[in-house]
Each structure stands twice: as C-alpha cells, then as structure tokens.
Protein chains: 2
Amino acid sequence: MSASTATRLYVDEPLAAGQTLGLDQQRAHFLRSVLRLKRGAELALFNGRDGEWQARIDGLGKGWASLEVLEQRRPQAAEPDLWLVFAPIKRARLDFMVEKACELGASRLIPTYTRHTDVSRVNVERLAANVREAAEQCERLSVPAVEEPTDLKALLQRWPAERRLLVGAERGGAAPVAEALAAEGERAGAAPWAVLAGPEGGFHASELDALGKLPFVTAVGLGPRVLRADTAAIALLTCWQAWLGDGDQRPPFRA
Amino acid sequence: MSASTATRLYVDEPLAAGQTLGLDQQRAHFLRSVLRLKRGAELALFNGRDGEWQARIDGLGKGWASLEVLEQRRPQAAEPDLWLVFAPIKRARLDFMVEKACELGASRLIPTYTRHTDVSRVNVERLAANVREAAEQCERLSVPAVEEPTDLKALLQRWPAERRLLVGAERGGAAPVAEALAAEGERAGAAPWAVLAGPEGGFHASELDALGKLPFVTAVGLGPRVLRADTAAIALLTCWQAWLGDGDQRPPFRA
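Cut-offs applied
- By convention here, each chain's residues receive numbers from 1 onward along its written sequence.
- Labels are handed out in written order, letters beginning with A for the chains and numbers beginning with 1 for the ligands.
- In view of the model being predicted, local features appear only for residues whose pLDDT reaches at least 70, and side-chain atom pairs are presented and counted only at 80 or more, with totals across whole chains, interfaces and linings using the full set of residues.
- Segments assigned H or I by DSSP are reported as helices when at least four residues long, segments assigned E as strands when at least two residues long, and all are numbered from the N terminus.
- Radius of gyration here uses only the C-alpha atoms, and the compact-globule reference equals 2.2 Å multiplied by the residue count raised to the power 0.38.
- Here the C-beta atoms are placed from the backbone, and a residue counts as buried if at least 20 other C-beta atoms lie within 10 Å of its own, exposed if 12 or fewer do, and partly exposed otherwise.
- Superposing copies: least-squares fit, C-alpha atoms only, residues required to have pLDDT of at least 70 in both.
- We call two residues in contact when their backbone-placed C-beta atoms lie within 7 Å.
- For the domains described, the bounds stem from an automatic or database domain assignment.
- Classes in brief: Ala, Val, Leu, Ile, Met, Phe, Trp, Tyr, Cys and Pro nonpolar; Asp, Glu, Lys and Arg charged; the others, Gly included, polar.
- Axes, fitted as lines to C-alpha atoms, cover a helix only where it is in contact. Angles between the N-to-C directions of the axes lie from 0 to 180 degrees.
- Between 65 and 115 degrees an angle is taken as roughly perpendicular, under 35 as roughly parallel, over 145 as roughly antiparallel, and anywhere else as oblique.
- Crossing handedness: left-handed means the near helix sits turned counterclockwise from the far one by under a right angle, and right-handed means the same turn made clockwise.

A. Here's a closer look at the overall build of chain A. Regarding its fold elements, chain A presents seven helices and 13 strands. Scaling as 2.2 N^0.38, a compact globule of 255 residues should have a C-alpha radius of gyration of about 18 Å, and chain A matches this with 20 Å. Expressed along its principal axes, the backbone C-alpha trace of chain A runs to roughly 60 × 40 × 30 Å. Across the 255 residues in chain A, those meeting the buried criterion constitute 41%.

This is the structure in structure tokens:
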C-alpha cells in the first residue's frame, strides 16, 4: 500500500498500537462494498488527538468491521488556529465552501446569521459529515468542529479579544489582502485568527459599521471583481494560509 | 437603480450611445419572466471591448426584447492576462471551478487532457455559458474565452515562450507560493501567466518530469494538505491575483 494513497478514516476512539476497534455500519459498508477491501487490507486512521496510525482490517462483514491498530505513521502536530465564520448560503455552495474550508485548514466552522442572510436552516450534521470526508481526503490530522448556528451580533459580543478577524470589504479604503497580510510580518504561528464570510447580499450597513469599530477586525480588499460569498471565503482562507499560516509546509509522505 | 446592483448582461454587439439592439429569446425571457423587468427599466451591458454601458428596455415581449444604449458607465480597461489550463474533472466540480476562475479574473480557460484525466468529454458550450453568467455577476468587463479541449503534450509544445506557468506541486522541493510570488517582485502588469490545474489523480510522473524541465514553469507549494484539483486551481488563481495581478484594485461604484 502506498503511503500517500492510503484510505484514511477519522475515528472517535483513542489510537494506540495493538488496540482493536469497530466501525459503524456506514463505514463498514464503505470499506466492504465501495472500496471492496478484504480482511488483511491496511488503511490509515486519525482521531484529531493521537496522530495518524496504520491499521489492518481484522474482520469485515455485512454492516460491521473490526480493525487492529498497528504502528503510528505520523505524530499529532499543531495546526493553524483559524476559524471560518460564515453566513449560511444555498446548499450546493455551502457544501462546496465547507469542503474547501476544511482543505484550506480551517479549524472551526461557525454558521452565523446576518441581516441579509436568507437561508433559515443549517444542517449541522450534514456539514460535519462533509468536513469529515474532506479531512480524510486532504490528509489533515484533525476534523474542523462545526458549531451550532449563532448570529453575528451575539458572536461579536462574546468574541475573544486576542483573536483577529479578517473581513473581505467591497467598499471603503481597505488595504489589498497581500499588503495587509504582509504587514502582519512573520508567520504568527500560534496567533489565532478567523475569517468572516457574509451572505450573498453582503453585510447590512449597520453590520459593516459595527465591524469597522472593532479593534480585532482587519478589512481587506480582494481585487476589482465582486466575489460571491463562497469565493470570498475561499480566497481569504487561501491568502491567510499562504502568508500567515502553514503555507510553507509540505504534504506528508511525498518525496 | 443602484449602480452596484444593476442587472448586467454580456452582449456580442458593439456598444455606443443611441444604438439599439435585440436580445435572443433566452435572455429576453430572463428579463421578462425571471427578473420581471418592464419597458423603461434600465440595466448595464458589456461586450468585452467597449466598456460598460447603461441601457434601457425599449420593448419586451414573449421571446424578444429591444434595448436602447444610453451612456457609458465605465470605459474598457486592461485586465490581467492569466490563463487557466485545467484537466477536465467531474461536472459539478468543473462548473464550480470555471465559475470561480471567472470571478478570480482568468482571461482564458483551456481544457487539457492529461494521462490521469478520466473525464472524456467537455461540454465547452456549457462552460462558456457558465463563465458568461459569472462574468455578468462579478462585474468584470470581459468574459473569459473557453477553448476547445487539447492535450497537455501538444499544449506545452506550442506554449508561447514569454508566458509563465504556475503549477501546484505536492512533491519535491517547490517553494511556498507566498515566497515564490513575492520573489517575482513588483506587480508585473502586462506579464502573461497561466495556472495549471491537474486532474484529481494528479499528474503522471512523466508529465511532472517534463514540466520540471520547462523554463517557463514555476512550481509552488500550497501547504501540507493535499488539495483537490479544483481547490488547487482556485488557490493558485487567488494567490496570483493577490500578489501579481489586480488585487490592489477596488470594485467599481463602491464608496
């Protein structure tokens, strides 16, 4: 089995050499009927705490699978502390945005109602399943948490003072994102940030006013084209990781 | 009508004050039955050559519309010369990727078969319709051209020597994208570039070898997570625009 093409599964259980664990019906079905793996096949497991482990299928039947954990492939490592605060948008774009947010290393996803948000319900379980699958696919060692929806005013009132908030601004004299991030200087390492993505209709003027007065907010420009909500979120996450995040690291197990 | 929320349509015809023009059946239907506009309503037109113009609906019936061109809203302006060369991927992701490429200012989209490409057909007309709609939405003054599919070997053989090619590399000692683009120095303005996005399976070793030997190729790293093909394309376009493109410009008509 090639190290870089391993099937990877997120599990809740602690991972340690010699441990055995069972899979739920859905994932057992996935291994057996979709991937057509057999007893003895190996795969990789991670749980967000114990790093990544090699495991072997010990038994596999209709709706069940048992795995034996073998040796550690990678230790758990610190990851950027980058939240994505986003107004719910329509389903296809939302699914796409959270997948990309996971690939781009967001650590927490916070659905947040704003005044122009016209999507009234967020299926947190579906989003959580999407980000888990994206995390397995992109080889990160954690799955971003998906929070229950909140609203922007409440979120900003309880905002942790040390966490910076990067906002894409279509209006006003915002600095270009490249300049603004370069001005932050060296890679911050442990500095916590968040990216704020508005609804398709943009923020209400009163929301922009409130954001503009907050000391932890950095408003940036993303060029002359008016980006959709999902595009703006992806662009901000991309730029933050490239300039302040782990953009200088390389994927694991690649020569 | 607010300048920033105008309905915008791309048309083929030349645009000049006092001119009248007709719309095809589909777009006439869109104005009348989807947007529910009436005779006398105003909208914006652009054709990629003459800037953006205010226009008024002169007549509107079932399947037809005639417009009178009023005054120019914005002159045509130079835009970054940035191609996206991409391996065809599955439909939903492909549609999403080309929409984002348009929003992120790609000037030309070139579907390109590679050895690991497992999508055999590209609907160029559908892609062209998607990018036209995205161009109307994001307020750019041009619609990216969508070329007929080619293959990577042929494309590289006829590659114009002065055009640089930005490639995301999972393997090898590629510099982080932020460093590589910063090293390009000042905003290049007229310098032509392209971004290359591979298929989901990545490039074949022989393709990577060939790319690595080409003097116009710049391979860059995009962090430790393994990005999907569409995500990598979007990330490369985003970073290029932010650092070398028009990321320092602001959207039109915003105070």
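B. Highlighting the relation of the copies chain A and chain B. Mapping chain A onto chain B is achieved by rotating through 180° and translating by 0.0 Å along the same axis, at an RMSD of 0.0 Å. What we have between these two chains is a two-fold relation. Counting the interface residues of chain A, we find that 100% of their copies in chain B are interface residues as well, pointing to one common contact surface.

C. A look at the domain arrangement of chain A. All names here are of chain A. What the domain assignment lists for chain A is domain 1 (3-74) and domain 2 (82-243). In this structure, domain 1 and domain 2 have C-alpha centres spaced 32 Å apart. Each side of the interface is counted separately: domain 1 has eight residues, and domain 2 has seven residues. The leading source of residues in the side of domain 1 that touches domain 2 is strand S1 (residues 8-10), at three residues. Residue composition of the side of domain 1 that touches domain 2, by class: three nonpolar, two polar and three charged.

D. Representation of the packing of helix H2 (residues 91-103) of chain A against helix H3 (residues 124-138) of chain A within the structure. Residues and elements named next belong to chain A. Interaxial distance between H2 and H3 falls to 8 Å at its minimum, and their mutual angle equals 40°. Compared by their axis directions, H2 and H3 come out oblique. Here H2 runs over H3; the crossing is right-handed. Facing H2, whose interface residues are Asp95, Val98, Glu99, Cys102 and Glu103, H3 presents Leu127, Asn130, Val131, Ala134, Ala135 and Cys138.

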